[in-house]
Amino acid sequence: MMEAHATGATRLSQPVNRMTVGAEGGADVTKEVGPAQPRSLSHDRVTLVVDGTHFVVDPAVFTTYPDTVLGRMFGRARQHSFTRPNAKGEYEIAEGIGANIFRVILDYYRFGMLHCPEGVSLAELREACDYLCINFDYSTVRCRDLSALLHELSNDGARRQFEVFLEELLVPAMVSSAQEGERECHIVVLTDDDTVDWDHDHPPPMGEENSQIIYSTKLYRFFKFIENRDVAKALLKERGLKNIRIGIEGYPTCKEKVKRRPGGKSEVIYSYVQRPFIQLSWEKEEGKSRHVDFQCVRSRSVPNLITAMGEGPTRPGATPTPQVDELDRLNGPAPPGLDQ
């Protein structure tokens, strides 16, 4: 497949004649990038090194999409030394991207389409497109594995949708908790049709007394899928939130019946529904808090006050046991001589 350009590119291919391109992909690379500017083949071809594989290409092909990373590297910015070759005159690019993935990337610049062959991970191709600022959607990607393609497209849609939910629904609930002096927030997502009717005198036992409630059937349906919960958790981490837990829990909505206990006490039985919840914090982890507990404890009993003050007699050669703050004892190494 390279015969059409063999005469025009032979001299330039000699410096990288150590199988400079892949056995199959290399032929495709040099064949298709030339026709765009046939007169520039013998002057402007460059060698790209990706994952140890050499690709000899015409840089003019990258200018078709100037907003991508490769378009910027070999576009006008290249005149200002935006991209520098190594000592051999080769450009080492796309670190972390495999050669088989880069062959697919080159197809995008040649044909405007990403054809993902069998054996190539669509998830890795997606990461490469994100890194190189290449549009990844159904208009640019073709893949035989529709399940993998739709999964990636669903992740994109879920991220965009959750960004809206976050700003319109979740952030106001977090702000409300913060204004009350809380350092964390527990949010329960109910449907628009759910009704909460608790007995004023006998509320249900709740693990989170200050739960925020959001009525949104759309958000409820969003969190039904564990994949969407993973996307949401990743986005919340990117926004700097900590100790994030997203799941499904039983939430009491209304009282079902009242039981009379001996002695005149009443017990209210509530009806529970399974609803999504989010628990998160915007402060440091509890174990790493800067709070100082001034209550000191000893690791063993003290027979009298004089011994506790260190004024009593000790065994010859014995090392006095120091007092240790409980927080230091839990989070730091034990001092020498401290009995555990």
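Note that the structure is predicted; figures quoted are calculated from it, not measured.

The rules behind these values
- Sequence order as written defines the numbering, with residues in each chain counted from 1.
- Per-residue local features of the predicted model are confined to residues with pLDDT of at least 70, and side-chain atom pairs are confined, for both listing and counting, to 80 or more; whole-chain, interface and lining totals are unaffected and use all residues.
- To get the side-chain values, all heavy atoms of the structure are used, and hydrogens and water are removed first.
- The buried label applies to any residue whose accessible area, calculated with a 1.4 Å probe on protein chains only, is under 20% of its type's maximum; exposed applies above 50%, and partly exposed to all values in between.
- Helix and strand definitions follow DSSP, with helices as H or I runs of at least four residues and strands as E runs of at least two, each counted in order from the N terminus.
- Pairing between strands is defined by DSSP: at least two bridges between them are needed.
- Residue-level confidence of the predictor is summarised by pLDDT, bounded by 0 at the bottom and 100 at the top.
- Throughout, a contact is declared for two residues whenever any of their heavy atoms are within 4.5 Å.
- Axis lines are fitted through C-alpha atoms, for helices just across the contact stretch, and the angle between N-to-C directions can take any value from 0 to 180 degrees.

**Section: the pairing of strand β2 (residues 53-57)**
Where burial is concerned, most of β2 is hidden: five out of the five residues are buried. The alternating pattern of β2 places T53, F55 and V57 on one face and H54 and V56 on the opposite face, and all of these are buried. As judged from the five bridges shared by strand β1 (residues 46-50) and β2, these two strands associate in the antiparallel manner. In the sheet register, V46 faces β2, and the bridge partner there is V57.

**What to know about the confidence of the model for the protein**
Across the protein, the average pLDDT comes to 75, with 66% of residues at 70 or higher. Per-residue pLDDT stays below 50 along residues 323-331; that stretch engages in 16 contacts with residues further than four places along the chain or on separate chains.

**A word on the side chain of N228**
Along the polypeptide, N228 turns up in helix α9 (residues 226-238). The buried category is assigned to N228, whose relative accessible area is 14%. Apart from residues lying up to four places away in sequence, N228 is in contact with A158 and F222.

**Topic: the sheet that holds β2**
Pairing is mixed in the open sheet, where three strands are placed in the order β2-β1-β3. Whereas interior strands pair on both sides, the edge strands pair on one side only; in this sheet they are β2 and β3 (91-92). Bridge count for β1 against β3 is two bridges, and the pairing is parallel. Opposite L48, over in β3, you have Y91 as the bridge partner. Across the sheet, helix α5 (residues 99-111) is in contact with β1 and β2; its angle to β2 comes to roughly 15 degrees.

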